[in-house]
Every structure is written in structure tokens, then in C-alpha cells.
Amino acid sequence: MNNLRGVGMLSRGLFLGFAVALTPMTVAAQSNDITCGAPYAVGSGDTLSRISIRAYGVSAFEVLYEANRATIGDDPNRLVIGQALVIPCRGATEAAVTTTEDVTPQATVSSGPIVLTVNKVSDPRFVINVGIMDPYLELIEIGTEGRVRFVAPAEMNRDPGAQFDLVTSGQVDVTYVPNETLADTHPLLQLPMVPLMGGSAQQTAVSLWNLHDKYLAQTDYFDQAHLLGFIAAPTAHIWRDLNAPVQAGEDILSQNAYAIPYFEGLDTLGPPRVQADNAAKYGDDDGTLTFMMAHGAARGAGIWNSDRGVTEVENGIYTPTFSVIMSNEAWARISPADQEIINQLSGLTLSQKSAAWDDFDNGHRQIMLDTGLVVNYPDGDLLRELEEAAQEGIAAWSQAATALGVPAEQAIASYRANLASLRYLLIFR
């Protein structure tokens, strides 16, 4: 998809503004307060999974349970405060603790609760977590009656480009991957990055899932991990100085001055800091700087001010999406009955949860309107220019789809029909 006109630069730079990534989680040595080979006294709030993460850096629930079955009894969830547990040393656990080498799905299913580590690219307080991922994971825990549970890794890895490898290498069990970072390996996920091929978060996530379910799932394009579903962000619009209105003929798609990630500025660094930095960096431009982002991102990052307005493009300049994935090994550990429960709570159901991001973004838009936001719309010439760029992007996507045996023309028509049927989800006009 690198030959999409203008979109290549947009997508490649989309997440450049992330905060410095933390070191990826690996199998670590025992922590200071847990010594292998010595008894460990159960404390308040302890579970076998949490203890194992502190001891080894990954969830090794089964290791601790098997080593302490005689003490704990038949119910691994019934720990008693003060109870003395044995913590096997690393040499005794290497066969059971997930490592970063050659993870192969196992056919066996654990008899106890499956405790999975979930990495979050964004700050835990951001809407993709509190509004979408956290409620989704909670529903799985409730639906499986606690047989499948989720915990955080010892360290969160915030590097967007590392997420797919974190799961496929076995460093974590679950994450959400910015699909833009998979442009080279998963070109079929890039359709919403084509101009005019996205929309509201819910509209886009649902349409992308239906495309996957009807066409893409028939290929092996996602065989390295188990795909649970998609999340979408609200689409990006054009922000520009009011005295320099956007016009056709200026190759607008190549002019994104600040390819903001949809997280930074709203959570990781905090709006005041980002707004101050960006006011200094972009506040005295000559009126020609162009920014492409959603309303919430523009407000949170301080890009919007009294001198800048927005040109709202229905179905957007590009619409970021995310794949929620689980490692094949972790999926194989879950019983078929619980897999079916998870499937019912994933896919289309998960995609519909992107509505929370729409609510977030439209809330910011309303505040901006109430405080003076000037909204414009593309004229016919500019719209035709965007449509021409979209056709180039669609042609590139179709080529990739055809190479994988997907009937590209039918798939595109189906995706567009889904977008059109969900137009009512676009709150703004």
C-alpha cells in the first residue's frame, strides 16, 4: 500500500509522536520481594497469576499451581492470606513460562483459569482502554465465569510498531495493534487509510469487520495470531489557518505537518504540556501549515486555536484502525466452550464498541463549536481530487487482494455498501 498517493506519508508518520517506548517485557529474573526456592507468604489481593508475573515477568499460573497444589487444594483461586507458597526457580520453569522463541500452539487445554497478559499501547486512562478494551475484557471474564482472566504485564510496551511481534513472539498474550504499522505485511487492513474510505469509529470498525468476515477470513492473511476483532478511531479531517483555505491543486494529502498519534496529547503527556509545546512549534506559522486529525486530537494536542478552522470531509482523509489479537498459543489453551463465548463477545460485537470513541470525539467537537470552531466543507474540485486519490488507493488494495484470492471488486462493493448503510453513525456533517 506504499504507492497510495499521499496516504503513504500520512500513514507512515501517523504514530511518530508517541512517547518513548518502554522496554518490551521479557522473561525476567525474580523480583526483589520474591525469592525463588524460598517460601512466599500470600498477601492481600494476591492471585497465582499476579505472583507469577512478579516472580518471572510473565503469567505462569500453571507453574505455581502445580508446585503448590497440595497446599492450595483443588481450587486454585482459594488463596489464604499468610499461606506459604513455594516459588520454583527459573531453571525449573523455563519449559512452562512463555519465552520469546518459537512459540507453537499447544493442543492441551488448562484445567484451571487461563490468565492472560494484555499490553496496552495507550495510557490506561485513554478512551480506547476505558471505553472499549477494558469493558470488552471484563465481559469475557464475566462470560467465561472467571475461567479466562486478564492481567497487565510487568511493563507496558508503548511502541506501536512492536505490538504484533509482542504477541507472535509470546511476550504478551493479547494486545491491540495499530493496523497502519502492518502496512507491509497486512495490506488488506489498510483500506480505511484510503481517502474517503472510513468515517466514524463505529462505522469504520463494523465495516472492516464485515469485510474480514465475508472475504478476508477466507485467506491465511492473519494466521500468525488469532484475530479477535477491530477497533477504529474517528476519521481525520483537515485543519488549516482560516486565512489560507484548503484548495484543490495543492496536493493536500502530502502536507500533513504533524502526523499526530491518536493518543499523545490526550493522555500520555497530558494536554497542557503538549499544547504548550505545539503552541510554540506551530503558533507562528505563515498560514500554510496543514494538519490532519480528528477533533479530539486537534483539541487535546493544542493544534486547534482561534486562527485555525477545520475542513470536514465526510468519510475522512484517513481513518486509523486497530486489530485486537491473541497469541495462537494462548487461544489454544482456552476450552472450545469458552472460545465460543469469546467469539460471541468479539468480532462484530467488539467493533460496535468503537462508538465510545465517537462519543469522545464528538464531545470535543461540540466544545470546540461552542467556543468558536469554524467549520468548512470541501468544494467540488477538492472533493474530486480526493476521489481521484481514493481510486488510486483502491486500485493498490485491489491488487493486493487479488493476489490473495479475494474477489476485489465484490469486496470493495460490499465494504462501501456497509459504510453507506452506517452513514447515520456520522454525528457531524
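Since we're looking at a predicted model, the values are computed, not measured.

**Student:** How do you make sense of the overall build of the chain when you look at a structure like this?
**Tutor:** Check the secondary structure of the chain and you find 15 helices and 11 strands. Within the chain, contacts between residues separated by at least 24 positions form 83% of all contacts whose residues are at least 6 apart in sequence. Counting every atom, the chain has about 17400 Å² of accessible surface; 50% of that belongs to carbon and sulfur.

**Student:** Is there a simple way to think about the packing of helix 14 (residues 380-403) against helix 15 (residues 408-421) in this case?
**Tutor:** Each pair of packed helices gets described by two things: the angle between the helix axes and the distance between those axes. Running from amino to carboxyl end, helix 14 crosses helix 15 at an angle of 125°, the nearest separation of the two axes being 9 Å. Relative to helix 15, helix 14 is oriented oblique. In this structure, the crossing between helix 14 and helix 15 has a hand that is right-handed. Of the residues in helix 15, those touching helix 14 at Gln-391, Ile-394, Trp-397, Ser-398, Ala-401 and Thr-402 are Ala-408, Ala-411, Ile-412 and Arg-416.

**Student:** Quick question: what am I supposed to make of helix 15 here?
**Tutor:** The periodicity of an α-helix, 3.6 residues per turn, causes residues three or four positions apart to be oriented the same way. Under the 1.5 Å per step criterion, the end-to-end length of helix 15 is 20 Å for 14 residues, consistent within 8% with the ideal 20 Å. Taken residue by residue, helix 15 has Ala-408, Ala-411, Ile-412, Ser-414, Tyr-415, Asn-418 and Leu-419 as its buried positions. Looking straight down helix 15, one finds its buried side chains confined to an arc of 165°; they lie on one side. Residues Glu-409 and Gln-410 are exposed on helix 15 and point more than 90 degrees away from its buried face. In the core, the buried residues of helix 15 are packed alongside helix 7 (201-214) and helix 14.

**Student:** Can you help me understand the pattern of salt bridges in this one?
**Tutor:** Opposite charge on two side chains lets them pair, provided their charged atoms get close. Counted by the stated rule, this structure contains eight salt bridges. Residue Asp-134 is joined to Lys-120 by a salt bridge in which the shortest nitrogen-to-oxygen separation is 2.6 Å. In this pair, Asp-134 sits in helix 5 (residues 127-143) while Lys-120 sits in the loop between strand 3 (114-117) and helix 5, placing the two residues 14 residues apart along the sequence. As a salt-bridge pair, Glu-314 and Arg-423 come within 2.8 Å of each other at their nearest N and O atoms. Highlighted residues: Glu-314 in the loop between strand 9 (308-311) and strand 10 (321-326) and Arg-423 in the segment after helix 15, separated in sequence by 109 residues.

**Student:** How do you make sense of the pairing of strand 7 (residues 237-241) when you look at a structure like this?
**Tutor:** In the case of a regular strand, side chains alternate between the two sheet surfaces. By the criterion of burial, strand 7 is predominantly enclosed, with five of the five residues buried. In terms of strand pairing, strand 7 meets strand 8 (residues 290-293) through four bridges, oriented antiparallel. Each residue of the ladder has a partner; that of His-237, found in strand 8, is Met-293. Note that strand 7 and strand 9 share four bridges and pair antiparallel. Considered in strand 9, the bridge of Arg-240 is made with Gly-309.

**Student:** Quick question: what am I supposed to make of the packing of aromatic side chains here?
**Tutor:** What characterises a pair of aromatic rings is the spacing of the ring centres plus the angle enclosed by the ring planes. This model, assessed by the stated rule, comprises seven aromatic pairs. For the pair Tyr-221 and Phe-222, a centre-to-centre distance of 5.5 Å together with 75° between the ring planes defines the contact as edge-to-face. A ring pair is formed by Phe-322 and Trp-357, whose centres lie 5.9 Å apart and whose planes are at 25°; its orientation type is stacked. Placement of Phe-322 in strand 10 and of Trp-357 in helix 13 (residues 355-370) is noted, with a sequence separation of 35 residues between them. Here the aromatic cluster, defined as three or more aromatic residues joined through ring pairs, consists of Phe-126, Tyr-176, Phe-322, Trp-357 and Phe-360.

**Student:** What exactly am I supposed to notice about the environment of Tyr-215 here?
**Tutor:** By secondary structure assignment, the location of Tyr-215 is in the loop between helix 7 and strand 6 (226-232). A C-alpha to C-alpha distance of 9.0 Å links Tyr-215 and Gln-410, two positions 195 residues apart in sequence. Excluding residues that lie within four positions of it along the chain, Tyr-215 makes contacts with Val-406, Pro-407, Gln-410, Ala-411 and Ser-414.

**Student:** Would you take a moment to explain the nonpolar core for this structure?
**Tutor:** One recurring pattern in soluble globular proteins: nonpolar side chains tend to sit buried together. Leu-191, Leu-211, Leu-216, Ile-325 and Trp-397 are the most contacted members of the largest nonpolar core, which totals 33 residues. Counting residues per element, the ones that place at least two in this core are helix 6 (163-168), helix 7, strand 6, helix 14 and helix 15. Core analysis: the second largest hydrophobic core is formed by 32 residues, Val-118, Val-121, Ile-132 and Val-324 among them.

**Student:** So what exactly am I meant to see when it comes to the sheet that holds strand 7 here?
**Tutor:** Strand pairing in a sheet relies on backbone hydrogen bonds, with the paired strands running either antiparallel or parallel. The four strands lie next to each other as 8-7-9-11, forming an open sheet whose pairing is mixed. Sheet topology places strand 8 and strand 11 (375-376) at the edges, where each strand pairs with a single neighbour. The pairing of strand 9 with strand 11 spans two bridges and is classified as parallel. Bridge pairing links Val-310 to Val-375 in strand 11.

**Student:** Whenever I open this one, the sheet that holds strand 10 confuses me. Can you help?
**Tutor:** Sheet architecture is open: three strands sit in the order 5-10-6, paired in antiparallel fashion. In this open sheet, the two edge strands, each paired with only one partner strand, are strand 5 (174-178) and strand 6. Averaged over all pairs of adjacent strands, the angle between their axes in this sheet comes to 25°, without regard to strand direction. Sheet topology places strand 6 next to strand 10; six bridges connect them, and they run antiparallel. Pairing of Phe-230 across the sheet is with Ser-323, part of strand 10. Contacts from helix 5 reach strand 5, strand 6 and strand 10, with the element oriented near 150° to strand 6.

**Student:** Looking at this structure, I do not really get unusual backbone geometry. What am I missing?
**Tutor:** Among all residues except glycine, the phi angle is most often negative; among peptide bonds, the trans geometry is most common. Notably, Glu-145 is not glycine yet its phi reads approximately 55°, a positive angle. Unusually for a residue other than glycine, Asp-251 sits at a positive phi of about 55°. Within the secondary structure, Asp-251 is located in the loop between strand 7 and helix 8 (271-282). Classification of Asp-251 as partly exposed rests on a relative accessible area of 35%.

Each value, and the rule that gives it
- Residues numbered from 1 in each chain as written.
- Predicted model: local features only at pLDDT ≥ 70, side-chain atom pairs only at ≥ 80, totals over all residues.
- Heavy atoms only, no water.
- Helix = DSSP H or I, 4+ residues; strand = E, 2+ residues; numbered from the N terminus.
- Contact = heavy atoms within 4.5 Å.
- Areas by Shrake-Rupley, 256 points an atom, 1.4 Å probe, with all protein chains shown as cover.
- Axes fitted to C-alpha atoms, helices over the stretch in contact; angles between N-to-C directions.
- Parallel < 35°, antiparallel > 145°, perpendicular 65-115°, else oblique.
- Left-handed = near helix turned anticlockwise from the far one by under 90°.
- Expected span 1.5 Å × (residues − 1).
- Buried < 20%, exposed > 50% of the residue type's maximum accessible area, 1.4 Å probe, protein only.
- Arc of directions from axis to C-beta.
- Salt bridge = Lys/Arg side-chain N within 4 Å of Asp/Glu carboxyl O.
- Pairing = 2+ DSSP bridges.
- Phe/Tyr/Trp six-rings, centres within 6.5 Å; stacked < 30°, edge-to-face > 60°.
- Core = buried A, V, L, I, M, F, W, Y, C linked by side-chain atoms within 4.5 Å.

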